[in-house]
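Observations on the model geometry
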There are 2 protein chains.
Amino acid sequence: MSIVVQKYGGTSVADPERISRVADRIVATRRAGNDVVVVVSAMGHTTDELIELAHAVNPDPPGREMDMLLTAGERISMALMAMAIQARGVEAVSFTGSQAGILTDASHGSAKIQEIRGTRVTDALQAGKVVIVAGFQGVDPQGKEVTTLGRGGSDATAVALAAALKASVCEIYTDVDGVFTADPRIVGNARKLDEISFEEMLELAASGAGVLMSRSVEFGRRFNIPIHVRSSFNDNPGTWVKEQTMEQAIISGVAHDRSEAKVTVRHVPDRPGVAASLFTPLAEADIDVDMIVQNVSSDGHTDISFTVAKDAADRARAIAEKVAAELEAGEVDVDEGIAKVSLVGAGMKSHPGVAAKVFQALAAAGINVEMISTSTIRISCVIREDRVEEAVRVLHDAFELGEVPA
Amino acid sequence: MSIVVQKYGGTSVADPERISRVADRIVATRRAGNDVVVVVSAMGHTTDELIELAHAVNPDPPGREMDMLLTAGERISMALMAMAIQARGVEAVSFTGSQAGILTDASHGSAKIQEIRGTRVTDALQAGKVVIVAGFQGVDPQGKEVTTLGRGGSDATAVALAAALKASVCEIYTDVDGVFTADPRIVGNARKLDEISFEEMLELAASGAGVLMSRSVEFGRRFNIPIHVRSSFNDNPGTWVKEQTMEQAIISGVAHDRSEAKVTVRHVPDRPGVAASLFTPLAEADIDVDMIVQNVSSDGHTDISFTVAKDAADRARAIAEKVAAELEAGEVDVDEGIAKVSLVGAGMKSHPGVAAKVFQALAAAGINVEMISTSTIRISCVIREDRVEEAVRVLHDAFELGEVPA
């Protein structure tokens, strides 16, 4: 029998009615002859509510207790899901991350999955049961301390379980129909993609497409597990994320991201080791730096700009100012009024004119490009935040990504 | 250093503000030089809300998943309590029932504590930490399946932990000031008892006094752990439940219970084995029978009456009717309009006139007694439910249990 892993997010299990609807779908998958493993997130806004409670009793809650607290969320949804399935006459059993053998490192709040020892899961499958596993959580290798995986953790649980169980597919159920050529709330004729490669999906996720997190796509790619992103509210096929895609479009989509700020260090002496002296302390402070741009040198000095998450901007500024003083560089500016627009497509590799076309389209709309960064399959531009929706539409049109009117 | 175990019920930890207030009390106990172990229930009505969710997805939720679900409640309150204590500069760590080594049998929903292997608790105490333990929950001896202890489970957790840790006292914090001579909502001048023996407290608890459950008193008696029942809303001393009491009052208090129904099997052939044939199948169906009364025989037949919890009355009737048919007995009546009033006091043993005084007092008020049952330190009467408050007041007055006016 083939194993299907299904993951349902918080909106899909937000109340008893939705849980019951999802249970119907799971039971149908089981009755179609599959072994089914289901990963669930916490119901609706449970996690946010628990975080709020924590901050009400402690402004800086310790990570270990925070993980104890938050793991209650999936415990509730997994037990309810198992009950709902049993109410339909199908055997089911729920397991915590710990019981499912999801071993992680000990970093509370942002643990990484190290290994899955899934004997309880496989035993239960062999006994004919549907297995429900709590997403987002694991246990340290000693099996003593509960951990959580951080953002996108439930997707990561699902894809990692699919890999460990050699599942035929990992279905990620969400509140949208799949991966789109652009955010449909911004671009009216955005088109749902039938399939997309892991590589492109990784670039889209890193560029702000919220539907899948990079870490789960990375798992899928590493273990070659096809991921089917689809809606839990209808039966439409969604988007398949997989190794090889049949149709190799030049461009897959346009993503945008308003969550970053730009930090610029002015008048930095242009000598070896300068970049290291800036980015090493940022890395040590656990600040993720996205784009880095260094202008050509003039008079032996240069400007270095980089982008970080807005909520890390103040810490980044403090570190940059300290380094700037040591290097005898100039001022440090933080600009929160920026956004990033990115064009992603595997076909870009063999079509050298893409970058030029991006710049022309933005220029024709009068949108100034402040930073540029490229990979072999992505072009990202930092622009003013108030122009970002226009930029998405301009690029979506320029590359004719939309639905062709019937 | 002496170990103090404190237990806080759902109302005491109902919201972040109350949790913070309780944390102040715990920190004060710690700073007074005690090792402190705290047992918490789920916040406010969390358990009821989770039960409601379960019934919304499955009218008959399986016990194993129900335990998975309900144990999320104490997980939330224990983590928040540990955070609140740490916010006050005192180290604290929370443990689930499983982590605290509370091993139970495998009866989901009504597990019995078998053993406490508290090495994580004692290690944490030795490291100077306040230890928070989830009440109401444990794990089966294989450490694989989570269990809950049923009604009064958090008190049982606290007293059992106090016994295992050889604590100097187990403090049960609740929303009333202690154990009273009668329910203060019914008897205006009911008096708080300063102390009461385990034996009397057991009889009061079994007779409907809700403040402590029999199982925790039983633990206290078996391991001789003094239990201090007191309010979490003020600093007043409460009621000490212990082995020997200084003042030996004749009567400790009046309890009442409206939760039972009376089942009567009429015209039962009066021959050996008849009672066994009725009460064996009831026990096998897990129905707790409280009082049993059999009238004297006339014409070789008798009536047998017994009381059971109202919510078990329908099942009890079905079993009794089946047995009655086999025995060729008469009809089975179920009467839900009854209540039980009980007088409890260790001094009763040496004062033979107590029973007579009870019947006189009730008779003088025109209250008819339908069933009587006695132990060496308790007299219980079944009466009409609509007379129960009056009966409590009548007995409270007859034995002069109230506050003496200043």
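Residues numbered from 1 in each chain as written. Chains lettered and ligands numbered in written order. Predicted model: local features only at pLDDT ≥ 70, side-chain atom pairs only at ≥ 80, totals over all residues.

What follows concerns the overall build of chain A. For chain A, the helix and strand inventory stands at eleven helices and 20 strands. Taken against the 2.2 N^0.38 rule, which gives 22 Å for 406 residues, the C-alpha radius of gyration of chain A at 23 Å falls within 12% of a compact globule. Oriented by its inertia axes, the alpha-carbon framework of chain A measures out at about 75 × 55 × 35 Å. In chain A, buried positions account for 49% of the 406 residues. The contacts in chain A between residues at least 6 apart in sequence include a share of 74% that link residues at least 24 apart. (Helix = DSSP H or I, 4+ residues; strand = E, 2+ residues; numbered from the N terminus. Rg over C-alpha atoms; globule rule 2.2 N^0.38 Å. Buried ≥ 20, exposed ≤ 12 C-beta atoms within 10 Å, placed from the backbone. Contact = placed C-beta atoms within 7 Å.)

On to the interface of chain B and chain A, then. Across the boundary between the two partners, chain B contributes 25 residues, which contact 25 residues of chain A. No other element matches helix 3 (residues 63-86) of chain B, which puts twelve residues into the side of chain B that touches chain A. Here the residues of the side of chain B that touches chain A sort into 19 nonpolar, four polar and two charged. (Nonpolar A, V, L, I, M, F, W, Y, C, P; charged D, E, K, R; others polar.)

If you look at the biggest cluster of nonpolar residues, it comprises 233 residues, and the most contacted ones within it are A:Val5, A:Leu80, A:Met81, A:Val133, B:Val5, B:Leu80 and B:Met81. B:Ala261, B:Val265, B:Ala316 and B:Ala329 belong to the second-largest nonpolar core, a separate cluster that totals 15 residues. (Core = buried A, V, L, I, M, F, W, Y, C linked by C-beta atoms within 7 Å.)

This part covers the domain arrangement of chain A. Each assigned domain of chain A is listed here: domain 1 (3-175) and domain 2 (263-335). Inter-centroid distance (C-alpha atoms) of domain 1 of chain A to domain 2 of chain A is 40 Å. (Domains from an automatic or database assignment.)

Taking 1.5 Å of rise per residue, 24 residues should cover 34 Å, and helix 3 of chain B covers 35 Å from first to last C-alpha, within 8% of that figure. By the criterion of burial, helix 3 of chain B is predominantly enclosed, with 22 of the 24 residues buried. (Expected span 1.5 Å × (residues − 1).)

Turning our eyes to something else, we now look at the sheet that holds strand 20 (residues 378-384) of chain A. All names here are of chain A. Spatial ordering of the open sheet is given by 13-18-20-19, a layout of four strands whose pairing is antiparallel. Of all strands in the sheet, those bounded by a partner on one side alone are strand 13 (253-257) and strand 19 (371-375). The average undirected angle you get between the axes of adjacent strands in this sheet is 20°. The pairing of strand 19 with strand 20 spans five bridges and is antiparallel. What sits directly across from Ile372, in strand 20, is Cys381. (Pairing = 2+ DSSP bridges. Axes fitted to C-alpha atoms, helices over the stretch in contact; angles between N-to-C directions.)

Residue and element names in this part refer to chain A. The strand order across the open sheet built from eight strands is 3-6-2-1-9-11-12-10, with neighbouring strands paired in mixed fashion. Whereas interior strands pair on both sides, the edge strands pair on one side only; in this sheet they are strand 3 (92-95) and strand 10 (195-197). Averaged over all adjacent pairs, the angle separating strand axes in this sheet is 20°, with direction ignored. Alignment of strand 3 against strand 6 (residues 130-134), held across four bridges, turns out to be parallel. Across the sheet, the residue bridging to Ala92 is Val130, located in strand 6. Strands strand 2 (35-40), strand 3 and strand 6 of the sheet are contacted by helix 4 (residues 119-126), whose axis makes an angle of about 155° with strand 6.

The subject of this paragraph is unusual backbone geometry. The phi torsion at A:Asn224 lies on the positive side, around 50°, for a residue other than glycine. Its location among the elements puts A:Asn224 in the loop between helix 7 (214-223) and strand 11 (227-231). A tally of 11 C-beta atoms within 10 Å means that A:Asn224 is categorised as exposed. One non-glycine residue, B:Phe136, lies in positive phi territory at about 75°.

Bringing the relation of the copies chain B and chain A into the picture now. Aligned on chain A, chain B shows an RMSD of 0.1 Å; the corresponding rotation is 179° and the shift along the axis is 0.1 Å. Read as a symmetry element, the transformation amounts to a two-fold axis. Of the C-alpha atoms belonging to chain B, the one lying closest to the rotation axis is found on B:Ala72, 2.5 Å away. By residue overlap, the copies meet face to face through one surface: 100% of the interface positions of chain B are interface positions in chain A. (Least-squares fit on C-alpha atoms with pLDDT ≥ 70 in both.)

The next subject is the packing of helix 1 (residues 16-31) of chain B against helix 3 of chain B. Residues and elements named next belong to chain B. Where helix 1 meets helix 3, the closest approach of the two axes is 9 Å, and the angle between their N-to-C directions is 60°. When the axis of helix 1 is compared with that of helix 3, the two are oblique. Regarding helix 1 and helix 3, the two cross each other, and that crossing is right-handed. Between helix 1 and helix 3, the residues in contact are Ile19, Ser20, Val22, Ala23, Ile26 and Val27 and Leu80, Met81, Ala84 and Ile85, respectively. Of the residues belonging to the contact of helix 1 with helix 3, the class tally is nine nonpolar, one polar and no charged. (Parallel < 35°, antiparallel > 145°, perpendicular 65-115°, else oblique. Left-handed = near helix turned anticlockwise from the far one by under 90°.)

Our focus in this paragraph is the environment of A:Ala309. Along the polypeptide, A:Ala309 turns up in strand 16 (residues 301-309). Between the alpha carbons of A:Ala309 and A:Ser259 there is a distance of 5.8 Å; along the sequence they are 50 residues apart.

Mean pLDDT over chain A works out to 92, with 98% of the residues at or above the 70 mark. Reported for the predicted complex are a pTM of 0.84 and an ipTM of 0.82. (pLDDT = per-residue confidence, 0-100.)

Residues and elements named next belong to chain A. Along the polypeptide, Val332 turns up in strand 17 (residues 332-335). Under the C-beta neighbour-count criterion, Val332 is labelled partly exposed, with 19 such atoms within 10 Å. Excluding residues within four positions of it along the chain, Val332 makes contact with Val263, Val265, Arg317, Ala320, Glu321 and Ala324.

Any two packed helices are characterised by the angle at which their axes cross and by the distance between the axes. Residues and elements named next belong to chain A. The interhelical angle for the contact between helix 10 (residues 354-364) and helix 11 (residues 388-398), taken along N-to-C directions, is 130°, at an axis separation of 9 Å. When the interaxial angle is binned, helix 10 and helix 11 end up oblique. Seen from above, helix 10 lies across helix 11 with right-handed handedness. Contact with helix 10, carried on its side by Lys357, Val358, Ala361 and Leu362, involves Ala391, Val394, Leu395 and Ala398 of helix 11 and no other residues of that element. A class-by-class count of the residues in the contact of helix 10 with helix 11 yields seven nonpolar, no polar and one charged.

All right, on to the pairing of strand 18 (residues 338-344) of chain B then. Residues and elements named next belong to chain B. The element strand 18 is extensively covered by neighbouring structure, given that six of its seven residues are classed as buried. As paired strands, strand 13 (residues 253-257) and strand 18 are joined by five bridges and run antiparallel to one another. Along strand 18, the bridge assignment pairs Ala255 with Ser342. Note: strand 18 against strand 20 (residues 378-384), seven bridges, orientation antiparallel. Bridge assignment links Lys340 to a residue of strand 20, and that residue is Val382.

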